[in-house]
Amino acid sequence: MSIRTILFDLDGTLIDTNELIIASFQHTIEQYSDRDYTREEILDFIGPPLKESLSKINKDHVEEMVETYRKHNVEHHNEYVKAYDGVVDTIRQLKSDGYKLGIVTTKMRHTVNMGLELTDLDGMFETVVTLDDVTHAKPHPEPIQTALSLLDSTPEEAMMVGDNTHDIEAGQNAGTETAGVAWTVKGREVLERLQPDYMLEHMSDLLKITGR
């Protein structure tokens, strides 16, 4: 069966939020940790749900840390965030071609909406599944299964596109095809170890994969 539904992670896949995320973690760590964290250590926090990552820094103050992180993230959002090259044009073309498009993210809906509006991607996706909408985050298949159900689609006709191991594993766990993005801040070899079906060098590669 050919691909008719494409699901995307948001941060690090469609929009470049990496430096914003790193800065927000650094800001939070300065207040709640008894040591500094290297950039490499902070990169490991990107992908999992925020509470899960922050609990590794100071498990006794997770809720306060979440508030500190989110306040910084929202206040500095528009300084950092932009769409990756080719993303907006590719998404518009896929939508025009009749593909069902969705986002599956571990972010909260408010900051997801901020990112989509800032990068002119607002209104391009038929469904957006956030951390607010599920019990289990990626790599559990639930977020992808939720999106597919909302789109009246099946795993056999769907692809999950992402920049993190959680995205590829979630797609594999849900039975969809998977595509990693070579621009992942963690390095493409991290994704290649999971053997996704495709590795995108540029978002427009999706147009070739779908036969355009």
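Above this note sits the structure.
All values reported here derive from a predicted model rather than from experimental measurement.

Q: Can you help me understand the packing of helix α1 (residues 18-32) against helix α4 (residues 62-75) in this one?
A: Packed helices, taken two at a time, are described by their axes: the angle between them and the distance between them. Contact geometry of α1 with α4 gives a least axis separation of 9 Å together with a crossing angle of 140°. Judged on the interaxial angle alone, α4 and α1 are oblique. Every pair of crossing elements has a handedness; the one defined by α1 and α4 is right-handed. Contacts from L20, I21, A23, S24, F25, H27, T28, Q31 and Y32 of α1 reach α4 at E64, M65, T68, Y69, H72 and N73. Of the residues assigned to the contact of α1 with α4, the class counts are 7 nonpolar, 7 polar and 1 charged.

Q: Explain the packing of aromatic side chains to me, please; I cannot follow it from the model alone.
A: For any pair of aromatic rings, geometry is given as the distance between the ring centres together with the angle between the planes. Counted by the stated rule, this structure contains 5 aromatic pairs. Between the aromatic rings of F8 and F125, the centroid separation amounts to 6.1 Å while the plane-to-plane angle is 75°, which identifies the pairing as edge-to-face. Here F8 is found in strand β1 (residues 5-8), whereas its partner F125 is found in the loop between α7 (109-118) and β5 (127-129), with 117 residues between them in sequence. Across the pair, exposure class does not vary: F8 and F125 are buried alike. Each ring, one from F25 and one from F45, has its centre 5.3 Å from the other, and the planes form 40°; the classification is tilted. In this pair, F25 sits in helix α1 while F45 sits in the loop between α2 (39-43) and α3 (50-55), placing the two residues 20 residues apart along the sequence. Taken together, the ring pairs connect F25, Y37, F45 and Y69 into an aromatic cluster.

Q: Any chance you could explain the side chain of N18 here in plain terms?
A: Relative to the helices and strands, N18 is located in helix α1. The exposure class assigned to N18 is buried, which follows from its relative accessible area of 7%. Among the polar contacts made by the side chain of N18, one reaches the side chain of Y84 at a distance of 3.1 Å. In this structure N18 touches G12, I46, Y84 and V185, once residues within four positions along its chain are discounted.

What counts, and where the lines are drawn
- Residues numbered from 1 in each chain as written.
- Predicted model: local features only at pLDDT ≥ 70, side-chain atom pairs only at ≥ 80, totals over all residues.
- Heavy atoms only, no water.
- Axes fitted to C-alpha atoms, helices over the stretch in contact; angles between N-to-C directions.
- Helix = DSSP H or I, 4+ residues; strand = E, 2+ residues; numbered from the N terminus.
- Parallel < 35°, antiparallel > 145°, perpendicular 65-115°, else oblique.
- Left-handed = near helix turned anticlockwise from the far one by under 90°.
- Contact = heavy atoms within 4.5 Å.
- Nonpolar A, V, L, I, M, F, W, Y, C, P; charged D, E, K, R; others polar.
- Phe/Tyr/Trp six-rings, centres within 6.5 Å; stacked < 30°, edge-to-face > 60°.
- Buried < 20%, exposed > 50% of the residue type's maximum accessible area, 1.4 Å probe, protein only.
- Polar contact = N/O pair within 3.5 Å; in protein donor to acceptor, adjacent residues only side chain to side chain.

By themselves, these observations are geometric and do not establish any function.
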